[in-house]
Structure formats: structure tokens, C-alpha cells
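# Chains, contacts and geometry: an overview
Below are the chains, spelled out letter by letter.
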Amino acid sequence: MADKVTFESTAQPGDAVFQPTPRPGATIRFDSVGDEEAGRRDTVLRLSRTASNISSTSIGSMSSRRRRNSIDPATAFPITYRTVSYAIEETKEKERVEAVKAKKDAAAELGDLQWHTWSVNEVETRLSTSLKQGLSKEQVERKQKEFGKNTPSKPPSDLFSRVMGYMFGGFGSVLLIGGVLVTITYKPLGNPNPQIANLALAIVLYAVFVIQALFNAWQDWSSSRTMASISGMLPDNCSILRDGNRVETAAVDLVPGDILYIKFGNKLPADVRFIEVSSDAKFDRSILTGESQPVPGSIDYTDKNYLETNNIGMQGTHCISGTAIGITVSTGDSTVFGKIARLTNTPKTGMTPLQKEILRFIIIICSLMIFFNIVVIICWGAWLRKSHPNWINVAGLIVDVVTVAVAFIPEGLPIALTASLTITANIMKSNQVLCKSLKTVETLGAVSVICSDKTGTLTKNQMFATGCSIAALKMTPVEARDMMIKDEKSNAVSQLRACAGLCNAGEFDAATIDLPLDQRKIAGDATDQAVLRLSESLGPVRDLQLLWKKTFELAFNSKNKFMIRTLALADPAGLRFALAPSEAEAWKLDDLLLMIKGAPDIIVERCTTYIGEDGEVHPLDISMKTVIEDIKNQWSSQGKRVILLARKILPGHQSIHFPEHNTFESEITTQASSDLTLIGLVGIVDPPRTEIPEVVRILRRAGIRIFMVTGDFKLTAQAIAKECGIITNAPDLVHDIGMLSRDPVEAKEISPNISEKELEEIGGPATSITLSGPELITLNDCQWDQLCKYDEIVFARTTPEQKLRIRTEFQKRENIVGMTGDGVNDAPSLKAADIGIALGSGSDIAIEASDMVLLDSFGAIVEAVKYGRVVFDNLKKTIIYLLPAGTFSEFWPIITSVILGLPQILSSFLMIMICCLTDCAAATVLAYEKPEADVLLRKPRNLKKDKLVDWKLMFHAYIFLGLQETICSFAMSYWYCQRRGVHFSALWLGYGEYPASYDVNYVNKVLAEASSIYFVNLVIMQWFNLFATRTRRLSIFQQPPIFNKATQNLALFPAILFALVVIFIFLYIPGLTTAINSSKIPVEYFFFPVAFGMWLLFTDEVRKWWCRKYPKGLVAKMAW
């Protein structure tokens, strides 16, 4: 933690002085726990806090992987955690009587916990468990009945707030207010002759209000069910000891008393009391404390406060280094995480970029609506009310204002948006992709650079050793076994086998021990698995573990790039397997054997001797170093990961240094830095995933550059990158750091009218470069500018800090960066990237840090990118479809009525029918549109420039489409009036006053029919707009809506049929037509709109063809 602490050792009666002082978390014990606890259990270490620095940054998780509740831990938990922690301190100072009275308070409840102060033996006894055998099957069943599942209770549902959201969310409030106002225009403002049409309009507004609320409720339920099913697909297992065997089980089945094995990268599934911790074990508690500083693990308690002690591991926190073993003490609601979850309320989350885009669009539309309503009100108040008092009364004004509001607001947009997201979520689910938030889907459509980890992401993470070497002798595993059996004079292979088996964090699963070697499950990372299988193929590893006793371990990490173990001899027979004959003869009982395994370029410089083919120790001279370097380079260039095995004898160390002392780790690290004996090399193959070359090709064609960022050796990384298609040039054409000038380089001037073909010729072939982590440190800004322009890059031997630097430099140059990875060292860059992508098989902390999880294959990223773009495209199409008829063509009848004195040629009731019924249904089915064929041929979207709604979209919707629909509808309506004897000249500037020769009732009847014609004309032309808007650039023949599964959208036709049914309902039911003042129309007025619609579709096809033929032309630049 980031707090300054002071240790005070308080001796109780009978206590011995604690000398020497062990560093908390520095101990890993493999002998009797009880003996050590006996001497320590009464020692009290107090922490007195002098300062507290709380940081909001963390490489830890920002959201619960299990999705059991909706709390955002990053914002809610740290505050509550600290409040409870300080409350515990205050409670300790009060009388115990007060604490008993405040039992329900979380501070008092947690303050009473004593798991951290009791000895390990006492914890073991109280939980009825065994450190050697774990719980039995019968005990587990009994405890599961007693404690239940290891899941927090569901938070209470705020039903009232949710129902209010269903009703008044979106445009619900506008509909309700409009309904109330129109009701008032019926009565009392309509008295003494209330208009039935106004009552019908109010009823429709209320009905649409209820329908929208019901749809919102259904959508929420549907989305919740979808997300619950998706989050349930994440792996969530832990390794425990039961009935004497180490087994994998679901975290929800964990019970108090289970012995839990923890390794770096794991998320703790419950609260545990540590009984063994490695010297480098550290835990990230930022999810609870908000503090980014890792906390070292400890066996003994470091604070009387349960929340501050280091010998308790809390549910939801991460092990970011080292290993540990603990006894599960609390599960479910009894954990600290569970208790605090009950104290916190769900915090409000900020709006995502797409939600902001939609809000921006709504603000634009609402601003236009308010502006024109103000114009209508001013015209009425300042002019019409005085000059033409009989034209529009107060009731008519209110109806006009409500009509303008409802006409301008696209009621179908919220429904289309939620439908799009649900559809996308289901598509992602079917492709085994988990998107944690809406922002993930949005960002995917704009990603321009993907930096991918190699192991487990681009490769299968199924490593196996294909070769090993001793001195200059290279062998396959089979040849090594034959040599070990036949050559009785040399134990060289036996020494390699011993180091591979003993200096290894992997462990065979007891349940699969009888299966063939390649089918056995191993708990451990892929490299350890490969090396362990090699050792097992040469002889049983279990036999070696019985001969040598592990005393200390320093786990592998991405900075050191090696693993260390120290071992004490348990059986003299172990000497002939692990040491050279001369070393075995000189071995003393108190000697210690140090074994190291890791990167050759790191360890080889520490070696001064090597094991020859004869099994003896020889000085490591320049010639042998050259031989070893050649073997390493040869294997690396073949894409193999090379591991070096070495050892060192530490004379008398068992009697001088002890693992529990705080100096032991530094002593061992110092010893491992020199005078090592090189045993041999192991070559490991991790084949690329079969789908990777095609994935890289598709992403590159979509304008996305994909780079490799790995900790592997440069030659290995470059060879794998070549297999994956990330590097396409021959090795001699791949650049290195020497090609990056430290001075500014002038860019070539390129004409804006240059063709794509000429541009490719100027650029030449794709440029490739390979750099190592140490080289990255030396780059200046000019070199980064040049580097970020390369098409193909491999970053080798990188550390987590360098991965963050890579991300930062690309983001500074206006790239949207996606980072992929699966390991603990990937977590910081996953969290910092614009979008972090983890694999479901990766570490818990990587999954927590990511925004998206690929549950099955890296190939699913293609579908994810595709539908990330489709969501944005389909929302644009929805808006394009809604604006021409739903706002523009409905707005002009009102304006012409108010300003030009023409009758309102489209009734308010029929306007709302278009907005809320006919257009709404069709807009929703646009969310089901399949990706256009060119969706992965376009460049990524520029978040700063490519807005959801811009002038291009507005121009296309209002001018190109809206004008055509408005002019055709006006023309058809007034032409009908002309044919029926009501001349346009008699209506123009009439303000409700007609020539004496006109019968008012007849005129009103003709106008009702003309209004119905306007309505039908708009609805039918919108059908053709629907087909035209399906694609942005492709022809309807390239993206047919039927007879092609890849492009069809059969939902279009029910939407069209629904609109036709609406027409017949409101124009042909006698009683209803009288109430809403509509009328049936002559049959030819159904066919004229078809002709107009075909013309609209034709003009749009011509526009798209022109855009495709002249992509740099004016029409293409104006295209939406």
C-alpha cells in the first residue's frame, strides 16, 4: 500500500524477542507449519498509520469479472473500504459493549474477525480441514449446505426507478406532455364544439407512450438476459486441495476450509488466510482500497485490523507476482467484498461516445423543433391572431405545436438503438466474443492499430519441446532418452532432466496422471508445461521431487526473464541425477543447490562453466559460447522459444542463510548473477493458430495495422511474425533501428488528385521493421514519428513498461490502439489501450483489465471489428431513414399553413402515425441489416472527424431525399384538389376563407382526401427510401435484400406490410375515418407513389454508382 507504516514489536508475557525480523511476505515454507507457528503466534506487529496517499490508477480490475452485481468497484469500493477500515480502528478503541450493540455495522462485524491473528493450526482446527489432505467430499457437501454458493446475494432491485425510466426515458415525456396538451384542446379548450380528431390524437399519443414503455421494459429484460448468458460463458475456476489431490473446480463451489493454490495472475475467489507465500508474492488490492501500490503477502499478521493485515487475501484482489497457498475462511456474502458490496450503491456511469453522438443529434433536432415552434407561436401571436382570428385558435395552436414537436423528434431512434445493441450483443455471443460495454463496440469500428502479444494470442499456447542441447550436441527428446539409457558413462542428459523437472512451477494434475504424457493436464504456464513434459519423457519427475526438497522459489517474471529455485538434498541418490560426478563427490550435507531456468541472452553471461557431453564440468570459453549462441540463433530463426538451464552449488548455505530471513532473497539473487554452470538448452515450439494468417490479411485489408509485441527473443519473434503474416518481407528487407534517423525526415509531397495505384507505386512494398525493448528506450520523437508510419512492426524483448510506451506513442499520433494479451504482464497495457482485448484462456487479471474477451479464438476479432463498424453504419441508416418523412416532409405542411395560409395538407393525426407507427417499424428493422460487402475494405473511422450526424447526412436526408418526398407529396395532394374542383389559387393565402362559389363542407371533404393522399404518398415513398438507405455505397444488386443469405434482410417485408396495414386501418374503417378526419382514396394514388419511389431509388443508385466510379469526386465527398 501507499501508506507509510511503522512497526512496533510488542512482547507479551513469556514472548521471546523477535530476532532477526522477517520481512512480511518473504517466507515460503515447505516443512512443518506448526513448528514455526509455535514460535511466532504470540508476536504482535502493529501498524500505526502516519499518512495515506490514495491513487485512482491501477493495473487491477475496474469491474467484476463475474458480473454478479452492477457495482463499479473502481469508484464505489475504495471509499467504502477506507471508511470501514477507519471505523474498525475507532471501534477497537471503544468498549466491547458498544461493539456488540453495533454488531450490524460492517465495521464492528469485520473488526471481530480473528482469522488473521489465530495461528495456522488454530485456523485449521476451527475450519475442520487438513493442510495435507484438504476437505473430504462429505465435508464439502455439508459445508455447501451450510454456507451456500460462493456468490454474493443479488442487490435489491430499484423497481420504481426502473419503471420511471421505462416510461419517461427516451421521448416518453414528450409523448405524455403532448397527449395531455392535446387532451386539453379537446376539452375544455374545444368547447362548445370539441373536435373528435383531437381526442383521437391524444389517445394515440397515450397509446404510443405505453407501447414505448412496454418495449423499453422488454428490451431491458432481454438485454439483461443476454448479458447474463454472455458473462456466464467466462471461465471461472480455481485450484484447490481435496481428498489429498489438487483439483480444478468452479469458484462458486468453494467452501470455507478449502486449501486454495494461488499463482500470479489469479484473482482470489474468496477470502483466504495465507499459510505459504513465496518471497515475491504481491497482491493488488486496488479494487478495494483504490491504492495502486501492491501489498506483499505474509504468513503472520501485520496489523490487528483485518482489512489492513497482509496475511489475509481478499476476494476480488489479484496476485500480481509470486505464488501462495491459503485456507479459505470466508465465501459469498461473508467476504470483505461481499460485505462492502451491500454497503455501496450503484454509481452512475458516464455516457459513452456513441451515446454522446446520439445526444448531440437529439439536441440538434430538438433545437430545430423549438426554433420552429417559436416561429409558429410568434407568427400566431403577432400576426395571425389579429389579422386572421378565425384561422388558428388556441386549441389549433397547441395541436400545431405538439405536431411540430412529435414530427421533429425521431421516436423510432431509441427503439432502433436498443435493438442494434441487442442484436450486436447476440452476434458477438454467437462468435464467442464478450464485449463488456457499449464503448467497446463503438471503439472497435475505429481501431487503426492492433498490438498483439504472441504467446497464447497469435500462437496456440500449446508448447512442446522439439529439441535440447548439451554443449555442442543437439538432440530430439527421443534421441536424448536413448542417449541417457545407452551411455552409462555420462549423466549429462540426466542432469538436464533434473534441472528441467525440479526448476519448474508446473505440476501434473493428479486426475490425469495415468493418461499418456501428451494428454495429461498440467497446472502452470505453457513454457513450464513443455519443459516439464520433456523432463517426464526422460524419467518420472515425481522421483526427482522425492530426492530433492524445495526450500525457496523466485517465480519467473517479465522483467527478470528467469526462474530460480533452491533445493536441499533429501536422498543421497539424488546427487547422481542432478550433478556431475566430481560435484557429487564434493557435496556436503549443508550445501544448497540453486537451479535457474530462463532466457539464454540473460543467463549465459552469468555462466563460467558448462556441462560437457561427458557429464563433467568444463570452463566456458569463447568458442563454446559461440557454439551455444549459434544453436540459440538457429532455433530462434525457426520460431522456437529457447530456454537455458543452469545451476550453482552454494556450499554451507543451509546452516548460514534461512529462507525466512529478509536477506535470503537478495542473497540468492546475488548468487544467481555469477559463476553459474550451464547445463543445456531446450528448444520449444508454440505453433501459430491456424486462422491467424487469414485474420491478419483481413484486418490489414480493413486498414488496420497489426503489430507483434512480445517478450521473446528478436529472431524468434520475427520468425513467428513471418508465419503469421505480420511480416511479409524477406528477412534481408526487414529494417532495424539503424533505419530510423534521429533527425526530422521530410515527408514526400503527394498530389491530392493522385490515384490509389500511383500512391501504392510511390509507397512501394510494405515496410517492415523489428526492434527490441532495449532499443525502444533510445528512440527520440523523430524516430518514433518514422517508426509509427511502418506497416509491419515486431517489438521483441519488451517489458510491461515498454508496452505502455508503445501504446502511448501510437496514440499521440492519432491512432486508435487496440492491445491484445493474456498474461499478467499484459494487464497494464490492456487497461491503458483504447480497447483492451484478452483471451478467455488468459489470466484473471488480463481478463479483468480488458474491454473485450475472445472466449474461443483470436479469429473472432474479425467479426468483432466488422460488427463494431456495422453498429455505427446501421444507426446512420436509421437516422437517414427517419428524417425525410418523419421531420422534413411533415414540417412543411405546418409552415405553409401558418405562413402561407394554405390548409394543413397533412393532418396532425396522420403525421404522428408516420412517426410512431409506419416509420418506427421500418427504422427498427434497419438494425437487422447485414454488413455491407465493403465494410472491411474501408479505412477505420476517425472519431474526431466522422460523426454520427454531420452536414453530409443532413444534406442527404433533407435535400436529396426530403425534397423529393415533399415535392411529390405536395404535388399529388394539390393535383387531386385541382381535379376535384378545389383550385390551388383559391387556397393560396386564403387563411380559411374560400371564394363564395365554394361549398365549405365539400372543400373540407376534398382536403381530408388530399391529406390521406399526402399520407399514402409519404408512406409508400419511404418503402423505396428503405431499400435505398440499406447501403451507403453499394448497389441494391450488390447487396440484395432477398435470395442471398449474406446480405438479405427479410424483416424489411413485414415492416412494409405493417405500414400498408396501418394505411388501411386509418383510411378505410368508416367510424375511425370520421373521427380522425381521414378518407379512402382512389386506387391510382397508390401507384403514383410507387413510380415516385422507384425514381427516388434510381437517383440514389446513380449517386452510389458515381461515388464508386469517382471516389475522389465532388459527389463522393458529399456522400454520407
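Everything numeric here is computed off the predicted structure, so don't read it as measured data. (Residues numbered from 1 in each chain as written. Predicted model: local features only at pLDDT ≥ 70, side-chain atom pairs only at ≥ 80, totals over all residues. Heavy atoms only, no water.)

Below, the discussion takes up the overall build of the protein. Secondary structure summary: the protein contains 43 helices and 30 strands in total. Out of the 1120 residues belonging to the protein, those deemed buried represent 56%. The contacts of the protein with a sequence gap of at least 6 include a subset with a gap of at least 24, amounting to 77%. (Helix = DSSP H or I, 4+ residues; strand = E, 2+ residues; numbered from the N terminus. Buried < 20%, exposed > 50% of the residue type's maximum accessible area, 1.4 Å probe, protein only. Contact = heavy atoms within 4.5 Å.)

Our focus in this paragraph is the environment of Cys 916. Within the fold, Cys 916 resides in helix H36 (residues 908-925). Note on Cys 916: relative accessible area 9%, which makes it buried. Ignoring anything within four residues of it in the chain, the contact list for Cys 916 reads Leu 175, Val 208 and Glu 411.

Turning to the environment of Ala 500, a few remarks are in order. Structurally, the position occupied by Ala 500 is in helix H18 (residues 492-502). Look past the residues within four positions of Ala 500 in its chain and what remains in contact with it is Val 531, Ser 535 and Leu 645.

With 155 residues, the main nonpolar core has Met 852, Leu 854, Ile 861, Leu 883, Phe 909 and Phe 1015 as its most contacted residues. In terms of residue count, helix H35 (residues 860-900) provides more of this core than any other element does, 21 residues in total. In terms of nonpolar packing, the next biggest core, distinct from the first, is built from 37 residues, Val 493, Ala 500, Val 531 and Leu 579 among them. (Core = buried A, V, L, I, M, F, W, Y, C linked by side-chain atoms within 4.5 Å.)

Right, let's talk about the sheet that holds strand S30 (residues 852-854) for a bit. Strand order in the open sheet made by the 8 strands is S12-S30-S29-S28-S13-S25-S27-S26, with mixed pairing throughout. This sheet does not close on itself; its edge strands, each paired only once, are strand S12 (433-435) and strand S26 (768-772). The average angle at which neighbouring strand axes cross in this sheet is 20°, direction not considered. Pairing geometry for strand S28 (residues 817-821) and strand S29 (residues 835-839), over 4 bridges, is parallel. Pairing of Gly 818 across the sheet is with Ile 835, part of S29. Contacting S12, strand S13 (449-452), S29 and S30, H35 crosses the sheet at an angle of about 140° to S30. (Pairing = 2+ DSSP bridges. Axes fitted to C-alpha atoms, helices over the stretch in contact; angles between N-to-C directions.)

A word on the pattern of salt bridges. Scanning the entire structure with this criterion turns up 33 salt bridges. Of the charged contacts, one joins Lys 454 and Asp 712 as a salt bridge, the two residues approaching to 2.8 Å between their closest N and O atoms. You can see Lys 454 sitting in helix H16 (residues 454-458) and its partner Asp 712 sitting in the loop between strand S25 (705-709) and helix H28 (714-724), a full 258 residues away along the chain. For Lys 454, a relative accessible area of 3% translates into the label buried. Taking the shortest distance from any N to any O, the salt bridge between Glu 1084 and Arg 979 comes out at 3.7 Å. Remark: Arg 979 occurs in helix H37 (residues 951-979) and Glu 1084 occurs in helix H42 (residues 1084-1109); sequence separation between them is 105 residues. You can call Arg 979 partly exposed: its relative accessible area is 47%. Residues joined by salt bridges that share partners form a network here, namely Asp 785, Arg 805, Glu 809, Lys 812 and Arg 813. (Salt bridge = Lys/Arg side-chain N within 4 Å of Asp/Glu carboxyl O.)

Backbone hydrogen bonds are what pair the strands of a sheet, in a parallel or an antiparallel way. Read across the open sheet, the 3 strands follow the order S8-S7-S10; overall the sheet is antiparallel. Both outer strands of the open sheet, strand S8 (295-296) and strand S10 (318-321), are each paired with one neighbouring strand and no more. As paired strands, strand S7 (residues 282-284) and S10 are joined by 3 bridges and run antiparallel to one another. The residue of S10 that forms the bridge with Lys 282 is Ser 321.

The subject of this paragraph is the packing of H35 against H37. Contact pair H35 / H37: the axes reach a minimum separation of 8 Å and the direction vectors enclose 45°. When the interaxial angle is binned, H35 and H37 end up oblique. Relative to H37, the crossing made by H35 is right-handed. Judged by residue contacts, Lys 876, Ile 879, Ile 880, Leu 883, Pro 884, Ala 885, Thr 887, Phe 888, Ser 889, Trp 892, Pro 893 and Thr 896 of H35 engage Leu 953, Met 954, His 956, Ala 957, Tyr 958, Leu 961, Gly 962, Leu 963, Glu 965, Thr 966 and Phe 970 from H37. For the contact of H35 with H37, the per-class residue count stands at 15 nonpolar, 6 polar and 2 charged. (Parallel < 35°, antiparallel > 145°, perpendicular 65-115°, else oblique. Left-handed = near helix turned anticlockwise from the far one by under 90°. Nonpolar A, V, L, I, M, F, W, Y, C, P; charged D, E, K, R; others polar.)

The next subject is the confidence of the model for the protein. Confidence in the prediction of the protein, expressed as mean pLDDT, is 81, and 84% of residues score 70 or more. Averaged pLDDT values over the elements of the protein bottom out at 32 in strand S2 (residues 44-51) and peak at 96 in strand S21 (residues 607-611). Note that residues 1-75 has pLDDT below 50 and, in this model, 179 contacts with residues that lie over four places away or in other chains. Segment residues 95-104 is flagged for pLDDT under 50; beyond a separation of four residues in sequence, or across chains, it makes 7 contacts in the model. (pLDDT = per-residue confidence, 0-100.)

Tracing the backbone shows Gly 316 in the loop between strand S9 (312-313) and S10. For Gly 316 and Val 336, which are 20 residues apart along the polypeptide, the C-alpha to C-alpha distance reads 9.3 Å.

Further remarks concern helix H27 (residues 692-701). Here H27 has its buried residues at Ile 692, Val 695, Val 696, Ile 698 and Leu 699. Seen from one end, H27 has its buried residues packed into an arc of 165°, which puts them on one side. Phi turns positive one or two residues past the end of H27, at Gly 703, with a value near 85°. (Arc of directions from axis to C-beta.)

With an omega of 15°, the peptide bond running from Lys 187 to Pro 188 counts as cis. The residue Pro 188 is located in the loop between helix H8 (172-186) and helix H9 (196-231) in this model. At Ser 128, a residue that is not glycine, the phi angle is positive and equals roughly 55°. Mapping Ser 128 onto the fold places it in the loop between helix H5 (120-126) and helix H6 (137-147).

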